[in-house]
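# Summary of structural features
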Amino acid sequence: MTLFGTAGVRGPVEEITPALALSVGQAAGRPGETFVLGRDGRETGPALAAAMEAGLESAGADVYRLGQVPTPALAFASQGRQGVMITASHNPPTDNGIKLFVDGVEYDSDAERRIEADVDTASPEPWDRWGKSGRLEVLGQYRDAVVAFVADQFGAADSPDSLLESQRVAVDCGNGVGALATPQVLDRLGAEVVGVNATVDGHFPARPSKPTPETLTDFSEFLAAGAFDLGLAHDGDADRLVVCGPDGDVIHEDTILAAVAAHYADSSDDDPVVVTTPNASARIDDRVRDVGGRVERVRLGALHEGIARERARGDEDTRVAFAAEPWKHVHPAFGGWIDGVVSAAVVAALVAEAGSTDDLREPITERPYRKVSVDCPDEAKVPAMDALETALPETFPDTTVDTDYGVRLEFPDASWILVRPSGTEPYVRLYAESDDVDDLVADATAVIETAVAESS
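Computed from a predicted model, the values in this text were never measured in an experiment.

### Things to note about the overall build of the protein chain
Within the protein chain, the regular secondary structure consists of 14 helices and 20 strands. Computed over C-alpha atoms, the radius of gyration of the protein chain comes to 22 Å, within 12% of the 23 Å expected from 2.2 N^0.38 for 456 residues, which places it in the range of a compact globule. Dimensions of the protein chain, computed from the C-alpha atoms along their principal axes, are close to 70 × 55 × 50 Å. Out of the 456 residues belonging to the protein chain, those deemed buried represent 57%. Of the contacts formed within the protein chain by residues at least 6 apart in sequence, a portion of 70% connects residues at least 24 apart.

### Thoughts on the layout of surface pockets
Space inside the second largest pocket adds up to approximately 250 Å³. At the level of elements, β13 (294–297), α10 (303–313), β17 (400–402) and β18 (407–410) are the ones that each hand at least two residues to the lining of the second largest pocket. Across the lining of the second largest pocket, the residue classes tally to five nonpolar, two polar and ten charged.

### Some points on the packing of helix α13 (residues 381–395) against helix α14 (residues 437–455)
Look at α13 against α14: their axes get within 9 Å of each other, and the N-to-C directions meet at 145°. α14 is crossed by α13, and the crossing has right-handed handedness. Taking contact as the criterion, the partners of Pro383, Ala384, Ala387, Leu388, Ala391, Leu392 and Thr395 in α13 are, on α14, Val447, Ile448, Ala451, Val452 and Ser455. A breakdown of the residues in the contact of α13 with α14 according to their chemical character gives ten nonpolar, two polar and no charged.

### Details of the domain arrangement of the protein chain
Domain annotation of the protein chain identifies domain 1 (4–136), domain 2 (137–366) and domain 3 (369–455). Relative to domain 3, the C-alpha centre of domain 1 lies at a distance of 38 Å.

### A closer look at the side chain of Asn175
In this structure, Asn175 sits in the loop between β8 (168–172) and α6 (182–188). Owing to a relative accessible area of 5%, Asn175 belongs among the buried residues under this scheme. The residues touching Asn175, leaving out its near neighbours within four places in the chain, are Asn197, Thr199, Val200, Asp201, Phe204, Pro205 and Ala206.

### Some remarks on the sheet that holds β8
Overall, mixed pairing links the four strands, which are arranged β9-β8-β10-β11 in an open sheet. Of all the strands in the sheet, the pair left with one neighbour each is β9 (192–196) and β11 (241–244). In this sheet, adjacent strand axes meet at a mean angle of 20° when their direction is disregarded. Of the strand pairs in this sheet, β8 and β9 are connected by five bridges, and their pairing is parallel. The residue of β9 that forms the bridge with Val169 is Val193.

The rules we used
- Residues numbered from 1 in each chain as written.
- Predicted model: local features only at pLDDT ≥ 70, side-chain atom pairs only at ≥ 80, totals over all residues.
- Heavy atoms only, no water.
- Helix = DSSP H or I, 4+ residues; strand = E, 2+ residues; numbered from the N terminus.
- Rg over C-alpha atoms; globule rule 2.2 N^0.38 Å.
- Buried < 20%, exposed > 50% of the residue type's maximum accessible area, 1.4 Å probe, protein only.
- Contact = heavy atoms within 4.5 Å.
- 1 Å grid on protein atoms, 1.4 Å probe; cavity = no way out; pocket = protein on both sides within 12 Å on 5 of 7 lines; lining within 4 Å.
- Points joined across faces, edges and corners; volume = space filled by probe spheres on them.
- Nonpolar A, V, L, I, M, F, W, Y, C, P; charged D, E, K, R; others polar.
- Axes fitted to C-alpha atoms, helices over the stretch in contact; angles between N-to-C directions.
- Left-handed = near helix turned anticlockwise from the far one by under 90°.
- Domains from an automatic or database assignment.
- Pairing = 2+ DSSP bridges.

Listed below in structure tokens is the structure:
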């Protein structure tokens, strides 16, 4: 049985049922273990959380209910124990999901495979070995920790409320649980905060849960009509963050990633490392290299695995300074989980430090970026990708080739392309960044279409 994708178990509620949550809880729980259990604002969350609690307790684990919290707050609370978050993140309200943590880090692939192997056969422990349950308040502690961490990062530990005192920030919470953390954190750091769609509603009535330039049009107009220094937008569980300038335009995710990465990598450490994914821009490499760090890549959805790999591979001078894929950031000095609330506060502080979003972007080389989907039947993906490992380097000589996670080619001028199969849809994805991106995409697409046709 295959349950887990790149971000836990997720899908329509006809599939993510209380019966499934009960079984996953019984497969995950063990006598003597402790779990914290949270949920986002979706209508189906209470029933799924109740079923998960029953499964974990009947497997012998103790369970502490957190109620509605952002996913990063659940991850924070899972330090020193295990955690389960009932959320479908940026998916529509008809979906829900299950994400598991241990000691502040998402379950790795081995732990997920154990759950998958046991979920169909898991059964309750004898009655006298069942666990107990209780309620735990964590939001206040989590917000305190974020405020203290960000203030310390920017030299304002003694006066956190002075860090953003000149900033006017709008936060579009998208009716998600980010409304319970991000506005409060920014307010305590001294910003003038205007919350938008800041009531939790599992129907997501204001806009779709996934923040994109298309779904944030109303927010963009609101920003452009006001006098804001910055706009921030979350998805339903606040692990993602989208950043807008005062004109309402969405700033490219890789530009934000590069700016935050440079902040963390700019230190006296001998070997600061930034972990990112193959589809991330070379502008990140350029900016991190400028401040004395280096970039390493890991497959999509596996930032925690990349962090562990680099820590194991490095020596005493190696520090994983930051890890991120577009709009999803891990701040290792704070914790091992993706945290959009910390990202919101760090980005606001970087803008305040630079003077404006334009000043923050100024040191970053922003080339045109394109993403294209080429039709490819699932059965043709493997032979097509095998063919492209040869065909693409032949078409684009004088490039550096990496085939760890698809086929990634880097050009001498720092342009690049990545070709990889979609894990969920009948496409081969092409990502490209170049001053001549249209020509590069056209040439690469022709090679991909030929490989797909010959493999179908």
